[in-house]
Amino acid sequence: MRDLFSYAGKRAVVVGCYSGMGEATARLVGEMGAEVVAVDIREPEIPHSDFLEIDCRDPGSIDSGIDTIVSQGPIDALFYCAGLPGGSFSNADVMSVNFLGQRRFIERCAGHMEQGSAIASISSGAGMAYMMALDRVKEFLAIEDYATALEWVSHEDEAGRIEGYSFSKMCTIVYVLNRGPVLTRETGIRLNCISPGPTDTPMMPHFEKQVGKEFMDAFPKPIGRNSTAEEQAWPLAFLNSPAASYISGENLFTDGGCSGGIMTGSIDPSAMGSD
Ligand SMILES: NC(=O)c1ccc[n+]([C@@H]2O[C@H](COP(=O)([O-])OP(=O)(O)OC[C@H]3O[C@@H](n4cnc5c(N)ncnc54)[C@H](O)[C@@H]3O)[C@@H](O)[C@H]2O)c1
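The text that follows walks through the structure, step by step, so that each part is easy to find. Note that this is a predicted model, so its numbers are computed, not measured.

Rules used in this analysis
- Residues numbered from 1 in each chain as written.
- Predicted model: local features only at pLDDT ≥ 70, side-chain atom pairs only at ≥ 80, totals over all residues.
- Helix = DSSP H or I, 4+ residues; strand = E, 2+ residues; numbered from the N terminus.
- Rg over C-alpha atoms; globule rule 2.2 N^0.38 Å.
- Buried ≥ 20, exposed ≤ 12 C-beta atoms within 10 Å, placed from the backbone.
- Contact = placed C-beta atoms within 7 Å.
- Near = placed C-beta within 6 Å.
- Nonpolar A, V, L, I, M, F, W, Y, C, P; charged D, E, K, R; others polar.
- Axes fitted to C-alpha atoms, helices over the stretch in contact; angles between N-to-C directions.
- Parallel < 35°, antiparallel > 145°, perpendicular 65-115°, else oblique.
- Left-handed = near helix turned anticlockwise from the far one by under 90°.
- Expected span 1.5 Å × (residues − 1).
- Pairing = 2+ DSSP bridges.
- Right-handed = clockwise from strand over helix to strand, strands pointing away.

**Observations concerning the overall build of the protein**
Per the secondary structure count, the protein includes ten helices and nine strands. Scaling as 2.2 N^0.38, a compact globule of 275 residues should have a C-alpha radius of gyration of about 19 Å, and the protein matches this with 18 Å. Overall, the protein is about 50 × 45 × 35 Å in size when its C-alpha atoms are taken along their principal axes. Taken over 275 residues, the protein has a buried fraction of 47%. Long-range contacts, defined as pairs at least 24 residues apart, comprise 74% of the intrachain contacts of the protein with a sequence gap of at least 6.

Below, the structure written as structure tokens:
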């Protein structure tokens, strides 16, 4: 039987793989046969063939890191898993790591990737309301220059009009839905993202501190618990595998059904935090 999920002979770049979903993804695709190029601000403990210290807040660091990566071999699969939770992190840093760094990484790498290769990134259920903010998100996405985009964030920040985490996640979804089909048509590279619900990673205590553990505990979880990092790595590995060869420009809600229930009314979001 053909193994449509195999990563044998493939070179996978995993950005943000020191911990959490990125670490789980790097471990998984490594076990599935990939040569793993690890990217983070800290070197991970998981097995990897190469490590590049890249700060995804810094476009110069991203550009020089990608130059090194592409000089050493092809990129068959790119996983962008780096992220910051908001809270004590500035809106500028959150927007940089969660979206602007992501977009730069993807666009720069795509210029060196071959037809049939694939890219997957991580948004969040926090981006679920992207359709309600579509005009504003598209206004921001139209700013291609990194520095100008950060100025826009700073301006919105000063005016108290932006919550960096959810906005970064809406930007990720709209970017993937909008750019995926164009990138695929022009280059044959697929682009998708997942939107996890609450997941037990080192980021979870940050969320619990920001909104309260009671709120996170009462968050609608049709499966009855938080997901594990591995349960998010599996769909990421699927999306970048040949088994997903007809999927591009897709946001996959990996939240046990929570977002679907909220959007169609079978889950009442107002119950959140009231238990
Ligand atoms: N944990 C959750 O409940 C949850 C839910 C939905 C979405 N997400 C998203 O999932 C993604 C992965 O987060 P996680 O939960 O695995 O948390 P995590 O904190 O374990 O992982 C984040 C990774 O990003 C790296 N990183 C942070 N700043 C960086 C920088 N400047 N440059 C390069 N790498 C950097 C960290 O070192 C770490 O490896 C994030 O985008 C997060 O917003 C998390």
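Past the structure itself, the notes keep going.
**Topic: the site of the ligand**
As a matter of local geometry, the ligand sits amid 29 residues, with Gly16, Gly20, Gly83, Thr201 and Met203 nearest to it. Those elements that provide at least two residues to the shell around the ligand are helix H1 (20-31) and helix H3 (91-110). No other element matches H1, which puts three residues into the shell around the ligand. Here the residues of the shell around the ligand sort into 16 nonpolar, nine polar and four charged.

**Side note on the environment of Trp152**
Of note, Trp152 is situated in helix H5 (residues 146-158). Taking the C-alpha atoms as reference points, Trp152 and Gly249, 97 residues apart in sequence, are found 26 Å from one another. Once residues within four sequence positions are removed from consideration, Trp152 is found in contact with Phe140 and Ile143.

**A word on the packing of H3 against H5**
For the pair H3 and H5, interaxial distance at closest approach is 11 Å and the crossing angle is 150°. Between H3 and H5, the angle falls in the class roughly antiparallel. For the pair H3 and H5, the crossing hand works out as right-handed. Seen from H3, the contacting residues are Asn91, Ala92, Met95, Ser96, Leu100 and Arg104; seen from H5, they are Tyr146, Ala149, Leu150, Val153, Ser154 and Asp157. A breakdown of the residues in the contact of H3 with H5 according to their chemical character gives seven nonpolar, three polar and two charged.

**Focus: H5**
With 13 residues, H5 ought to run about 18 Å at 1.5 Å a step, and its terminal C-alpha atoms sit 18 Å apart, in line with that. Trailing H5 by a residue or two, Gly160 shows a phi angle of about 65°, which is positive.

**Details of the packing of helix H4 (residues 134-141) against helix H6 (residues 164-187)**
In the contact formed by H4 and H6, the axes pass within 10 Å of each other and the chain directions differ by 75°. Overall, the two elements H4 and H6 adopt an arrangement that is roughly perpendicular. For the pair H4 and H6, the contacting residues are Leu134, Val137, Lys138, Phe140 and Leu141 in the first and Met170, Cys171, Val174 and Tyr175 in the second. Tallied by class, residues from the contact of H4 with H6 come to eight nonpolar, no polar and one charged.

**Some remarks on H1**
In this model, H1 (twelve residues) spans 17 Å end to end at C-alpha, consistent with the 16 Å of a helix rising 1.5 Å per residue. With eleven of its twelve residues buried, H1 lies for the most part within the structure. Among the residues making up H1, those that are buried are Gly20, Met21, Gly22, Glu23, Ala24, Thr25, Ala26, Arg27, Leu28, Val29 and Gly30. Positive backbone phi, at 110°, marks Gly33, one or two positions downstream of H1.

**Observations regarding the environment of Ser121**
Following the sequence through the fold, Ser121 ends up in strand E5 (residues 118-122). In the structure, Ser121 is positioned 18 residues away from Arg103 in sequence and 9.9 Å away in space, judged by C-alpha atoms. Sequence-distant contacts of Ser121, that is, excluding residues within four places in its chain, are made with Tyr80, Gln102, Thr172, Val176 and Cys193.

**Some words on the pairing of strand E1 (residues 11-15)**
Of all five residues in E1, five are buried; the element is thus mostly enclosed. Of the two faces of E1, the one holding Arg11, Val13 and Val15 and the one holding Ala12 and Val14 are both buried throughout. Bridge analysis of E1 against strand E2 (residues 35-40) gives five bridges, and the strand direction is parallel. Along E2, the bridge assignment pairs Val15 with Val39. Once you follow E1 into H1 and on to E2, the crossover reads as right-handed. Inspection of the sheet shows E1 paired to strand E4 (residues 77-80) by four bridges, in the parallel sense. Of the residues in E4, the one forming a bridge with Val14 is Phe79.

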